[in-house]
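Tertiary structure, described
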Amino acid sequence: MARRTIDRNEPAADDGDSPQMSEAVKAKIRGFFARYPSKRAALLPALHIVQETCGCITHRAMRDVAELLELAPSEVMDTASFYTHYWTKPRARKVIVACRGLSCDLMGVQEVNRTVCQHLGIGEHETTADGEYSFVTEECLGTCEYAPCLLINERLHKNVRPEDVPRILADPDNDRIEVERSDLYDGMKA
Ligand code: FES
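Residues numbered from 1 in each chain as written. Predicted model: local features only at pLDDT ≥ 70, side-chain atom pairs only at ≥ 80, totals over all residues. Heavy atoms only, no water.

1. As for a nonpolar patch on the surface
Applied cut-off: Each patch is built from residues that are more than 30% exposed by relative accessible area and take part in no salt bridge. Like charges join if they lie within 9 Å; nonpolar side chains (Val, Leu, Ile, Met, Phe, Trp, Tyr) join within 5 Å. Calculation of accessible area relied on Shrake-Rupley with a 1.4 Å probe; when residues are assessed, cover is drawn exclusively from the protein chains displayed. Definition used for salt bridges: Asp or Glu carboxyl oxygen within 4 Å of a side-chain nitrogen of Lys or Arg. A run of H or I in DSSP counts as a helix once it spans at least four residues, and a run of E counts as a strand once it spans at least two, with each numbered from the N terminus.
On the surface, Leu44, Phe82 and Tyr83 cluster together to form a nonpolar patch covering roughly 320 Å² of accessible area. With respect to the element layout, Phe82 can be found in helix H4 (residues 73-82).

This is the structure we're talking about:
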C-alpha cells in the first residue's frame, strides 16, 4: 500500500493559532514542582505531560512550559529537540522504536528495520499518512538479552526476525501491555 510520509525532523508548524495549554495541564505540571529542588528540574516530566495530553510539543506549548517553569523558551526547545522521545510534530497512534545498539545489530536488527520500513512504506522519523505508525531508532532499549527487539508504544517485541514483522504489524494489539499502565503523565485531556 502506498503511503504519504511526513518528515518529523521538519520544524514544528507555525502554531500561532494553536490553543494555549489548558489549566488542567498546567495544574498537572505544577503537581511535579514539590518533587524537585527547582521548577527547572521538572522540565522533563512537564514535556511528557504536554506530549501525552496534547499529542506533541508545539512551539506554543514550549513557550507555555517556559513561562510556567520560568525558563527561556529556547531552553525548553533545546531539551525537547535533544531527546528522541519528544515529538514536536504530530506522531502516529503507534510509535515503533527499533534498536540500533550493538547487541541488536549483531543479531540482525538492520534487516528487521528494513522490513518494517518496506512494509509501512516509510523511513526513519516518518509517519504513515493514515497516522497509524511512526518509526524511529534508538541506541539501546535496555533489553539486549532479547535482541533484536522492537518497542511499539510501550510493548516490547523480543527476538524479532524479519519474517515476524508482517504478523506483528497486523496485530491490532501489538502495543498493548499486560500490566496496568501508569497515569503519571497522562490520563487527562488537554
Ligand atoms: S542493543 Fe538492542 S536492546 Fe540493547
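2. As for the packing of aromatic side chains
Applied cut-off: Pairing of aromatic side chains here covers Phe, Tyr and the six-membered ring of Trp, requires ring centres within 6.5 Å, and sorts the geometry by plane angle: under 30 degrees stacked, over 60 edge-to-face, intermediate tilted. Think of it in three bands: residues with accessible area under 20% of the maximum for their type are buried, residues over 50% are exposed, and the middle band is partly exposed, with areas taken using a 1.4 Å probe on protein chains only. We count a charge as sitting over a ring when the NZ of a lysine or the CZ of an arginine lies within 6 Å of the ring centre and within 35 degrees of the ring normal.
Within the structure shown, the criterion is met by two aromatic pairs. For the ring pair Phe82 and Tyr83, a centre distance of 4.9 Å and an interplane angle of 90° mean the geometry is edge-to-face. For the ring pair Tyr83 and Tyr86, a centre distance of 6.1 Å and an interplane angle of 85° mean the geometry is edge-to-face. Looking at Tyr83, the relative accessible area reads 38%, which means it is partly exposed. Feature note: the residues Phe82, Tyr83 and Tyr86 constitute an aromatic cluster, connected by ring pairs. Across from the ring centre of Phe32, 4.7 Å away, lies the NZ or CZ of Arg35, which sits over that ring. The side chain of Lys158 reaches across the aromatic face of Tyr146, ending 4.2 Å from its centre.

3. Some details on helix H2 (residues 43-54)
To keep it simple, the criterion reads: Take the residue count of a helix, subtract one, and multiply by 1.5 Å to get its expected span. Residue contacts follow a heavy-atom distance rule, with two residues in contact if any of their heavy atoms lie within 4.5 Å.
Compared with the 16 Å implied by 1.5 Å per residue over twelve residues, the 16 Å span of H2 between its first and last C-alpha is a close match. Looking at the buried side of H2, the elements it contacts are helix H1 (23-30), helix H3 (59-69) and H4. Immediately beyond the C-terminal end of H2, within one or two residues, lies Gly55, with a positive phi of roughly 95°.

4. Topic: helix H6 (residues 109-120)
Between its first and last C-alpha atoms H6 spans 16 Å; for twelve residues at 1.5 Å apiece the expected length is 16 Å, and the two agree. The complete set of buried residues in H6 reads Val109, Val112, Asn113, Thr115, Val116, Cys117 and Leu120. Among the structural elements, strand E2 (94-99), helix H5 (102-106), strand E3 (126-128), strand E4 (133-138), strand E5 (150-152) and helix H7 (165-170) are those in contact with the buried residues of H6. Looking one or two residues past H6, Gly121 carries a phi angle of roughly 70°, positive in sign.

5. Points about the side chain of Asp175
Stated precisely, the cut-off is as follows: Charge counting treats Lys and Arg as positive and Asp and Glu as negative, with His and both chain ends excluded. Under the rule applied, a polar contact is a pair of N or O atoms within 3.5 Å (in protein, one hydrogen donor and one hydrogen acceptor; residues adjacent in sequence only if both atoms are side-chain atoms).
Within the fold, Asp175 resides in the segment after H7. Look at Asp175: it is buried, it has no salt bridge, and the nearest opposite charge is Lys94 at 4.1 Å. At 3.0 Å, the side chain of Asp175 forms a polar contact with the side chain of Asn153.

6. Considering the side chain of Ser134
By the secondary structure assignment, Ser134 is in strand E4. Sequence-distant contacts of Ser134, that is, excluding residues within four places in its chain, are made with Trp87, Arg91, Ala92, Lys94, Val95, Ile96, Ile122, Glu126 and Thr127.

7. Re the environment of Leu68
Inspection of the secondary structure assignment puts Leu68 in helix H3. Judged by its relative accessible area of 12%, Leu68 is buried. Spatially, the C-alpha atom of Leu68 lies 7.7 Å from that of Lys26, the residues being 42 residues apart in sequence.

8. A few points about the layout of surface pockets
Filter applied, for reference: Lining residues are defined by having an atom within 4 Å of a point belonging to a cavity or pocket. Those points lie on a 1 Å grid over the protein atoms alone, cavities being sets where a 1.4 Å probe fits but cannot get out and pockets being open sets with protein on both sides within 12 Å along at least five of seven lines. Grid points are joined across faces, edges and corners, and a volume is the space filled by probe spheres set on the points. Residues were grouped as follows: Ala, Val, Leu, Ile, Met, Phe, Trp, Tyr, Cys and Pro as nonpolar; Asp, Glu, Lys and Arg as charged; and all remaining residues, including Gly, as polar.
Estimated volume of the largest pocket: approximately 540 Å³. Listed by contribution, the elements that provide at least two residues to the lining of the largest pocket are H2, E2 and E4. Among the elements that make up the lining of the largest pocket, the one with the highest residue count is H2 (three residues). Partitioned by chemical class, the residues of the lining of the largest pocket number nine nonpolar, six polar and nine charged.

9. Concerning the pairing of E4
Operational definition: Two strands qualify as a pair provided that DSSP identifies no fewer than 2 bridges between them.
Burial of E4 is extensive: six of the six residues sit out of reach of the surface. Every second residue of E4 is oriented toward a common face, with Tyr133, Phe135 and Thr137 on one face and Ser134, Val136 and Glu138 on the other, all of them buried. Two strands pair when backbone bridges link them, and E2 and E4 are joined in this way by six bridges, in the parallel orientation. Paired with Ala98 across the two strands is Thr137, which belongs to E4. Judged from the two bridges that link them, E3 and E4 form a sheet pairing that is antiparallel.

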